Amino acid sequence: MSRTDPLETALERAFGRVVGAQTPPRLMAAMHHAVFPGGARIRPRVALAVAAAHGPVPPRAESLAVAIEFVHCASLVHDDLPCFDNAPVRRGRMSVHAKFGESLAVLAGDGLIVGAFEVLGHAIVEQPRLAGAIGVLAAAVGANGGLVAGQGWEDEPSTDVQRYHHAKTAALFEAAVCMGAIAAKVDPAQWRPVGTALGEAYQIADDLGDLISTPTELGKPVGQDLIHDRPNAALELGPERAFARLEATLARAVDAVPPCPGQDEFREWLGSACARLFPRRPVVHHLPVREEAPLRA
Ligand code: FPP
Ligand code: MG
């Protein structure tokens, strides 16, 4: 990722505001490790692309994108913890708890979540039209259908798979498109189906990756859904049907783009972003087998 990428610059600037002279150095390093270098940054890029589809990117839109990415990075730090997935590697490097210890990983996630809302708060003071973004992000992260709920479903004796995946994955994509719409001062509801479909596509791609990729390709452990007894679309449908569903879901996202001045450009951007992000249909698969139905979903 180029250092001149405006999104990276915005993330670095915002990071410099949520930590400071009063931040313990190892906590600051753990938070930094969680955010830089990042992954594809797909959620904030989607938010900015939605805003741009309605005209020149409005002032402080980048703060909304930063807030989404901080929350996403925090969720990965917590997800990797021993009490959840116990993953030693993330983005091809040591996960935050593997490098800094469990207590600093918990605090790094906490600091980033609070930092996300701090960044939003500052943006809203300058641009009150962005106020709706607070509720949208809180709902996508929170315990009532957001990321926290999604993770919580893994500790229930049974749950509805769609509800679990929606909370764990699609909610933040929906927040991304809605926050882009709020930045552009248009009705977020018209963009939400794009986020829903993108979230579903991301989940299928993640399931496929977990099943048929290597740790080197993904920069994180694979085979986790079998280990943790989680539902996996590629395992349930088989890879061919899962790829077909991925393609159909991406097509649904493209079809759902509402009329706007940059509709064609947005669709083109989404197509090329998805082509880079999502796996192509492979030729041969050698699959692990789940011996029993998943217990927890
Ligand atoms: C990755 O899933 C994890 C998530 C999408 C959400 C994790 C959420 C929490 C730990 C709740 C706490 C929330 C916040 C905001 C800190 P995965 O394990 O399927 O994907 P992976 O292969 O990338 O680990
Ligand atoms: Mg995980």
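Going by the structure above, here's the rest.
What you see is a predicted model, and the numbers here were worked out from it, not measured in a lab.

## Remarks on the nonpolar core
Here is step 1: Of all hydrophobic cores here, the largest spans 86 residues; its most connected members are Phe70, Leu137, Met179, Trp191, Leu198, Leu246 and Phe266.
Here is step 2: If sequence neighbours within four positions are ignored, Phe70 has contacts with Leu11, Ala14, Phe15, Val18, Val35, Leu112, Gly115, Ala116 and Val119.

## Observations concerning the site of ligand 1
Here is step 1: Around ligand 1 sit 15 residues, and of these Asp79, Asp85, Arg90, Lys168 and Lys220 come closest.
Here is step 2: Asp79 is positioned with one of its side-chain polar atoms (N or O) 2.9 Å from an oxygen atom of ligand 1.
Here is step 3: Separating an oxygen atom of ligand 1 from a side-chain N or O atom of Lys168 is a distance of 3.4 Å.
Here is step 4: Computed on the free molecule, ligand 1 has an accessible area of 620 Å², of which 88% lies beneath the protein chains in the complex.
Here is step 5: The set of elements that each furnish at least two residues to the shell around ligand 1 consists of helix 4 (61-79) and helix 8 (147-153).
Here is step 6: A per-element tally of the shell around ligand 1 places helix 4 first, with four residues.

## Digging into helix 4
Here is step 1: Given a rise of 1.5 Å per residue, 19 residues ought to cover 27 Å, and the 28 Å separating the end C-alpha atoms of helix 4 matches this to within 8%.
Here is step 2: Counting buried residues along helix 4, 17 of its 19 residues qualify, which places the element largely inside the surrounding structure.

## Brief notes about the packing of aromatic side chains
Here is step 1: In total, this model carries four aromatic pairs according to the counting rule given.
Here is step 2: Judged by centre distance (5.8 Å) and plane angle (45 degrees), the rings of Phe266 and Trp269 are tilted. Separated by three residues within a single helix, Phe266 and Trp269 lie in helix 15 (residues 263-277), roughly one turn from each other.
Here is step 3: The exposure class assigned to Phe266 is buried, which follows from its relative accessible area of 3%.
Here is step 4: Owing to a relative accessible area of 25%, Trp269 belongs among the partly exposed residues under this scheme.
Here is step 5: Members of the aromatic cluster, each reached through a chain of ring pairs, are Trp191, Phe266 and Trp269.
Here is step 6: Over the aromatic face of Tyr202 sits the side chain of Arg43, whose NZ or CZ is 4.8 Å from the ring centroid.

## Here's the deal with the state of the cysteines
Linking two cysteines covalently through their sulfur atoms gives a disulfide.
Here is step 1: Within the structure shown, the criterion is met by zero disulfides.
Here is step 2: Not engaged in a disulfide, the cysteine Cys260 finds its nearest cysteine sulfur in Cys178; these two sulfurs lie 14 Å apart.
Here is step 3: With no disulfide of its own, Cys274 lies closest to Cys260 among cysteine sulfurs, the gap being 16 Å.
Here is step 4: Classification of Cys274 by relative accessible area gives buried; the value is 10%.

The rules behind the values
Residues numbered from 1 in each chain as written. Chains lettered and ligands numbered in written order. Predicted model: local features only at pLDDT ≥ 70, side-chain atom pairs only at ≥ 80, totals over all residues. Heavy atoms only, no water. Core = buried A, V, L, I, M, F, W, Y, C linked by side-chain atoms within 4.5 Å. Buried < 20%, exposed > 50% of the residue type's maximum accessible area, 1.4 Å probe, protein only. Contact = heavy atoms within 4.5 Å. Near = heavy atom within 4 Å. Polar contact = N/O pair within 3.5 Å; in protein donor to acceptor, adjacent residues only side chain to side chain. Areas by Shrake-Rupley, 256 points an atom, 1.4 Å probe, with all protein chains shown as cover. Helix = DSSP H or I, 4+ residues; strand = E, 2+ residues; numbered from the N terminus. Expected span 1.5 Å × (residues − 1). Phe/Tyr/Trp six-rings, centres within 6.5 Å; stacked < 30°, edge-to-face > 60°. Lys NZ or Arg CZ within 6 Å of the ring centre and 35° of its normal. Disulfide = S-S within 2.5 Å.

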